[in-house]
Structure formats: C-alpha cells, structure tokens
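# A look at the structure
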Amino acid sequence: MNDLLGRRGRDIITGFEGTITGHCNYLTGCSQVLMAPPAKDGAYVDSQWFDVQRVALTEDEAVVLDNGPTPGCDRAAPKR
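For the structure given in this document, a descriptive report is provided here. Just so it is clear, the structure is predicted and the values come from calculations on it, not from any experiment. Within each chain, residue numbers correspond to sequence positions counted from 1 in written order. With the structure being a predicted model, the display of local features is reserved for residues of pLDDT at least 70 and the display and counting of side-chain atom pairs for 80 or more, all residues being used for whole-chain, interface and lining totals. Heavy atoms throughout the structure, all of them, feed into the side-chain values; hydrogens and water do not.

### Looking at the pattern of salt bridges
Salt bridges, as used here, are contacts in which a Lys or Arg side-chain nitrogen is within 4 Å of a carboxyl oxygen on Asp or Glu. Counted by the stated rule, this structure contains 3 salt bridges. The salt bridge partner of R8 is E17, with a shortest N-O separation of 3.8 Å. As a salt-bridge pair, R54 and D11 come within 2.7 Å of each other at their nearest N and O atoms. Of this pair, R54 sits in the loop between β4 (48-51) and β5 (55-57) while D11 sits in strand β1 (residues 8-11), placing them 43 residues apart in sequence. Relative accessibility under 20% of the residue-type maximum defines a buried residue, over 50% an exposed one, and the middle range a partly exposed one, all with a 1.4 Å probe and only protein chains included. Judged by relative accessible area, D11 falls into the buried class, the value being 0%. One salt-bridge network, in which partners are shared between bridges, spans R8, E17 and E59. Strands are runs of DSSP state E lasting at least two residues, helices are runs of H or I lasting at least four, and both sets are numbered from the N terminus onward.

Quick look at the structure:
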C-alpha cells in the first residue's frame, strides 16, 4: 500500500483526481486512500477518501518529500 503514496490517481466512479497523500486499513478489511486534488483558482479543494479498488493510477512517478529523521507529526502546530 505504501507504494501508492505520492502517486496520482483517479476515482473510476466519479472521476475525482488527486495525489494520494494517505492510506488507512480498517479492522473490517476495508482499505482506503486519501486523494488531494490540485488547488483551483488559488483555493484549496478538499481531499477525499476512496476505497482502493475504485482508484486507477494515472501517472507512474510519485511525489517524494524529504521528511528527514522527524517527519513533522511529532511537532506542535505553529502558533500566531
């Protein structure tokens, strides 16, 4: 499943497209991926969860981020 992270996909039912940024596996056996679409007219578009079997990969290359030794999930949110 981790080989899907960073790849672009399309939901074969709705046509929704985005970069796969997350995945989860439920106790019941359901596997889902979170797809983040590109911003539209400078505004963010909400990410959506889809069952893995509904997603067709649209590109071979994956987005790769250098998260270093601490990927950020252990850091506090910025304060203003």
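### Topic: the pairing of strand β3 (residues 31-36)
For two strands to count as paired, DSSP must find a minimum of two bridges between them. Where strand β2 (residues 17-25) lies against β3, 6 bridges are found, and the strand directions are antiparallel. In the strand pairing of β3, T19 is matched with A36. Adjacent in sequence and paired antiparallel, β2 and β3 are bridged by 5 residues, among which G29 carries a positive phi angle near 100°.

### Observations regarding the sheet that holds β1
The strand order across the open sheet formed by 5 strands is β4-β3-β2-β1-β5, and the pairing between neighbours is antiparallel. Each edge of the open sheet is held by one strand with a lone partner, namely β4 and β5. In this sheet, adjacent strand axes meet at a mean angle of 50° when their direction is disregarded. Whenever a helix is involved, its axis is fitted only over the stretch in contact; in every case the axis is a line through C-alpha atoms, and angles between N-to-C directions fall within 0 to 180 degrees.

### What to know about the packing of aromatic side chains
To pair, rings of Phe, Tyr and Trp, with the six-membered ring standing in for Trp, must have centres within 6.5 Å; the planes then decide the type, stacked if under 30 degrees apart, edge-to-face if over 60, and tilted in the middle. Tallying each qualifying case throughout the model produces 1 aromatic pair. Aromatic pair F16 and F50: ring centres 5.3 Å apart, planes at 40°, arrangement tilted. With F16 in the loop between β1 and β2 and F50 in strand β4, this residue pair connects regions lying 34 residues apart in the sequence. No difference in accessibility class separates F16 from F50, as the two residues are buried.

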